[in-house]
Amino acid sequence: MSWLHTNGPLSQHPDSYYASLQPPMPQYEPLRGATTADVCVVGGGITGLSTALHAAQMGQDVIVLEAARFGWGASGRNGGQVGSGFNWDQRKLEKKLGVEMAAQLWTQAEEAKALTRELIEAHAPEADYRPGIVHAFSREQEATGYGEHMAHMADRYGQSLDLWSKDEMATRLGTQAFAGGVVDMSAGFCNPLAYVAGLVRACEDTGVRLYERSEVHRLTSGLVQTNGGEVRAASVVHATNGLGPHLTSRVAARVLPINNFIAVTEPLGAAAPMTDPIAVADDRFVVNYFWQTRDGRLVYGGGESYGKRYPSDIATRVRQNLGRVYPELADVRFDHAWGGTLAVTATRLPFVADLGGGVFAAGGYSGHGLALSGLAGKVLAEATCGDRTRLDLLGKLPVPALPGGRMFGGLMATGGMIWAAAMDRLRG
């Protein structure tokens, strides 16, 4: 059984907090019969929808095939944080790839955030984008000396960051769990499912042909096949992220699905801990991330699993992490709790590539997908129109096949992540 078919029906979005805030999204018919297009996009998340929207705006005839519902995967279930940069910080990128390429990548990552804001403003204002993410340090040694990084980012990239002390973190976030934090007001957070819904509307308005419940079983150069039909297209885009990497061998060897979990509390009233409208992400290998809603709920993500199936009690999994940060809320009621499948790579850098024969792919965003997936879609759309400039840049990111290859790479990488997660827990 694939990751796609393991956790919940494909015919409806999970009962998430995000889904509770909006009317049900319109349903689209499955693909039936044979048809043609300039571009066939496989996967109806942010990557696929951004590809489709931008390719259609460039004058191409575009089809999107989604196995479940649009935004059913990580795009509509994630923690809502629109972060800066890549999983590697700029100094590491400079050391590994050179100063010039690192600067080019920073420019692309900055555009990724700007593009996300622009798309939300134009097509999904109900996604309620708000600025600000604080990267929280779990231990004093992580907090000390960060001024050197801040100075580097200000001098070389013009990025303005603020440093919060332990006391400031306690005052603003209502927790003693962190030794300090760095505040990035150029980043932000939103309702990701509402963002997806806006992209769907924009695609439809631009003439994109949209199909749901159209699971792809074969993806090759010029041809995409489902149980109900097939599409012949000059360009094919593999945009399934963690829910369909098996469709092409190079993606399957590099993109590893994992599961993560989120719960949302009841409205906390006077007990709501945060005084600032800001999102938080900590420095653990398995990141804890959270923000507070306008009506005083905590949207809290934490916990992981590396098998296909979600745990039977997601709320308990999240509660263990929330309780370390907010012990006074350890017994709070959750109104929503859900899981989702994202994807990582061996280097935690996204895999964006020309697979040959008119087939392109993007995925493995490793926790940075809400911003980078929209940009990747635009870059892939440019490539389908013959402009490979930015595809070639992102294609130089070092994303090797997982050690052990397609058959055993996932098992070996999973073992490493389990070990790293265990180290997190030993840190407390």
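Residues numbered from 1 in each chain as written. Predicted model: local features only at pLDDT ≥ 70, side-chain atom pairs only at ≥ 80, totals over all residues. Heavy atoms only, no water.

Colleague: Would you take a moment to explain the overall build of the protein for this structure?
Modeller: Looking only at helices and strands, the protein has 13 helices and 17 strands in total. The C-alpha atoms of the protein give a radius of gyration of 21 Å, which matches the 22 Å a tight globule of 428 residues would have. Seen along its three principal axes, the alpha-carbon backbone of the protein occupies a region of about 60 × 45 × 45 Å. When the 428 residues of the protein are sorted by exposure, 59% land in the buried category. Long-range contacts, defined here as pairs at least 24 residues apart, represent 76% of the contacts in the protein between residues at least 6 apart. Accessible surface, the protein: about 16700 Å² in total, of which carbon and sulfur atoms supply 52%. Looking at charge distribution, the protein has the averaged site of its 38 positive side-chain charges lying 7 Å from that of its 42 negative ones. (Helix = DSSP H or I, 4+ residues; strand = E, 2+ residues; numbered from the N terminus. Rg over C-alpha atoms; globule rule 2.2 N^0.38 Å. Buried < 20%, exposed > 50% of the residue type's maximum accessible area, 1.4 Å probe, protein only. Contact = heavy atoms within 4.5 Å. Areas by Shrake-Rupley, 256 points an atom, 1.4 Å probe, with all protein chains shown as cover. Lys, Arg positive; Asp, Glu negative; His and termini not counted. Charge placed at Lys NZ, Arg CZ, Asp CG, Glu CD.)

Colleague: How do you make sense of the packing of helix α4 (residues 99-123) against helix α6 (residues 146-157) when you look at a structure like this?
Modeller: In a pair of packed helices, the angle between the axes and the distance between the axes together describe the arrangement. At their nearest, the axes of α4 and α6 sit 12 Å apart, and the two run at 85° to each other. One way to sum up the angle between α4 and α6 is to call them roughly perpendicular. Here α4 contributes Val-99, Ala-102, Ala-103 and Trp-106 to the contact with α6, which in turn contributes Met-153, Arg-156 and Tyr-157. (Axes fitted to C-alpha atoms, helices over the stretch in contact; angles between N-to-C directions. Parallel < 35°, antiparallel > 145°, perpendicular 65-115°, else oblique.)

Colleague: Where do I start with the pattern of salt bridges in this structure?
Modeller: Where charged atoms from two side chains of opposite charge come close, those side chains can pair. Enumeration over the complete set of coordinates arrives at 20 salt bridges. With a shortest N-O distance of 2.6 Å, Glu-126 and Arg-201 are connected by a salt bridge. Placement of Glu-126 in the loop between α4 and β4 (130-137) and of Arg-201 in helix α8 (residues 192-205) is noted, with a sequence separation of 75 residues between them. Relative accessible area serves as the criterion here: at 42%, Glu-126 is assigned to the partly exposed category. With a closest N to O distance of 2.7 Å, Asp-276 and Arg-172 form a salt bridge. Taken together, the residues span a long stretch of sequence, with Asp-276 in the loop between β11 (256-265) and β12 (279-282) and Arg-172 in helix α7 (residues 166-173) at a distance of 104 residues. (Salt bridge = Lys/Arg side-chain N within 4 Å of Asp/Glu carboxyl O.)

Colleague: I tried to follow α8 on my own but got confused; where do I start?
Modeller: For an α-helix, 3.6 residues make a turn, and residues three or four places apart therefore share a direction. Its 14 residues give α8 an end-to-end C-alpha distance of 20 Å, which sits within 8% of 20 Å, the value for a rise of 1.5 Å per residue. The buried fraction of α8 is high, at 11 of 14 residues. Considering only its buried residues, α8 is in contact with α1 (17-20), α2 (46-57), α4, β7 (209-211) and α11 (369-384). By the N-cap criterion, in which a side-chain oxygen at the helix start approaches the backbone nitrogen of a residue two or three places on, α8 is capped by Asn-191, the distance to Leu-193 being 3.0 Å. Remark: Gly-207 follows α8 within two positions and exhibits a positive phi of approximately 95°. (Expected span 1.5 Å × (residues − 1). Polar contact = N/O pair within 3.5 Å; in protein donor to acceptor, adjacent residues only side chain to side chain.)

Colleague: I would appreciate a short explanation of the environment of Leu-4 in the present structure.
Modeller: By secondary structure assignment, the location of Leu-4 is in the segment before α1. Sequence spacing of Leu-4 and Phe-137 is 133 residues, and the spatial spacing of their C-alpha atoms is 35 Å. In contact with Leu-4, not counting residues within four places along its chain, are Leu-10, Ala-67, Trp-72, Glu-215 and Leu-243.

Colleague: What am I meant to see in the packing of helix α3 (residues 90-97) against α6 here?
Modeller: Here α3 crosses α6 at 70°, and the two axes come no closer than 10 Å. Considered as vectors, α3 and α6 are oriented roughly perpendicular to each other. Judged by residue contacts, Gln-90, Arg-91 and Glu-94 of α3 engage Glu-148, His-149, His-152, Met-153, Arg-156 and Tyr-157 from α6. For the contact of α3 with α6, the class distribution of residues is 2 nonpolar, 3 polar and 4 charged. (Nonpolar A, V, L, I, M, F, W, Y, C, P; charged D, E, K, R; others polar.)

Colleague: Would you mind going over the side chain of Thr-345 with me for this structure?
Modeller: Residue position: Thr-345 is located in the loop between β15 (334-344) and β16 (351-356). By relative accessible area, Thr-345 is classed as buried at 1%. Once you skip the residues sitting within four places of it in the chain, Thr-345 turns out to touch Arg-254, Phe-351, Gly-364, Ser-366 and Val-399.

Colleague: Mind showing me how you'd approach the side chain of His-13 here?
Modeller: As for its position among the elements, His-13 is in the segment before α1. Overall, the relative accessible area of 16% leaves His-13 in the buried class. Reaching out from His-13, the side chain makes a polar contact with the backbone oxygen of Phe-70 at a distance of 2.7 Å. When sequence neighbours within four positions are dropped, the list of residues in contact with His-13 reads Met-25, Arg-69, Phe-70, Gly-71, Trp-72 and Leu-193.

Colleague: Would you mind showing me how to read the confidence of the model for the protein here?
Modeller: Caution applies to low-pLDDT regions: their predicted coordinates should not be interpreted in detail. Taken over all residues, the pLDDT of the protein has a mean of 93, while the share at 70 or more is 94%. Below a pLDDT of 50 lies the segment residues 405-427, which in the model reaches 40 contacts outside its immediate sequence neighbourhood of four places, other chains included. (pLDDT = per-residue confidence, 0-100.)

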